[in-house]
Amino acid sequence: MTDDLKFEPQEVQISAGETVVWETTGSVAHSATAYEADLPENASYFASGDFETEAAAREAYPSGGSVATGETYSHTFETVGEFPYFCIPHESGMQGIVVVEG
């Protein structure tokens with residue numbers, strides 16, 4: 001997660017059971033927050049700060065869920081499918097997707 005307000009890379013392809021780690025490399029804090037309504041059926045929700053819903057993540061930011069410079073957030077993906085996500089304070093341009101294959 002960069003000061004250019006981007007997830008780099010924007011799309012990540014992994015296998016089920018693998019873990020993705022997000023790290024803030026610039027000076028601006030970010031979040032990695034799943035679009036709950038767009039997750040595959042039976043997939044677990046993910047958001048930095050380990051919230052259980054998108055609404056809870058949005059409500060808590062920035063006191064909860066913020067990933068500051070040099071900090072990381074990780075999530076292990078067990079369900080096959082596409083997992084769109086975004087950064088709460090930079091949602092209009094900072095979006096990404098994790099594609100999980102079987």
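Preceding this section is the structure that the text describes.
Residues numbered from 1 in each chain as written. Predicted model: local features only at pLDDT ≥ 70, side-chain atom pairs only at ≥ 80, totals over all residues. Heavy atoms only, no water.

*Asks:* Residues and numbers for the side chain of Glu54, please.
*Replies:* By the secondary structure assignment, Glu54 is in helix α1 (residues 54–60). Residue Glu54 is classed as buried on the basis of its relative accessible area of 15%. If sequence neighbours within four positions are ignored, Glu54 has contacts with Ala34, Tyr35, Glu36, Tyr45 and Phe86. (Helix = DSSP H or I, 4+ residues; strand = E, 2+ residues; numbered from the N terminus. Buried < 20%, exposed > 50% of the residue type's maximum accessible area, 1.4 Å probe, protein only. Contact = heavy atoms within 4.5 Å.)

*Asks:* Help me get a handle on the pattern of salt bridges, residues and values and all.
*Replies:* One pass over the structure, following the stated rule, counts 2 salt bridges. As a salt-bridge pair, Arg58 and Glu54 come within 2.9 Å of each other at their nearest N and O atoms. A residue pair is termed a helical-turn pair when its members lie 3 or 4 positions apart in one helix, as Arg58 and Glu54 do in helix α1 at 4 residues. Between Arg58 and Glu91 there is a salt bridge, and its shortest N-O distance comes to 3.0 Å. With Arg58 in helix α1 and Glu91 in the loop between β5 (81–86) and β6 (95–101), this pair connects stretches of sequence that are 33 residues apart. Of the residues examined, Arg58 reaches a relative accessible area of 33% and is grouped as partly exposed. Its relative accessible area of 21% is what places Glu91 among the partly exposed residues. One connected set of salt bridges, linked through shared partners, spans Glu54, Arg58 and Glu91. (Salt bridge = Lys/Arg side-chain N within 4 Å of Asp/Glu carboxyl O.)

*Asks:* Just give me the short version of the nonpolar core, but keep the residues and values in it.
*Replies:* Within the largest apolar cluster, 29 residues are counted, with the highest numbers of intra-cluster contacts made by Trp22, Phe46, Phe77, Phe83 and Val98. Those elements that place two or more of their residues in this core are β1 (11–15), β2 (19–23), α1, β5 and β6. Every residue in contact with Val98, bar those within four places of it in the chain, is listed here: Val12, Ile14, Val20, Trp22, Phe77, Gly81, Glu82, Phe83 and Tyr85. (Core = buried A, V, L, I, M, F, W, Y, C linked by side-chain atoms within 4.5 Å.)

*Asks:* Explain the environment of Val99 to me, and be specific about the residues and the numbers.
*Replies:* The topology assignment puts Val99 in strand β6. Classification of Val99 by relative accessible area gives buried; the value is 12%. Separated by 46 residues in sequence, Val99 and Thr53 place their C-alpha atoms 20 Å apart. Those residues in contact with Val99 that sit more than four places away from it in its chain are Glu11, Val12, Gln13, Ile14, Gly81 and Glu82.

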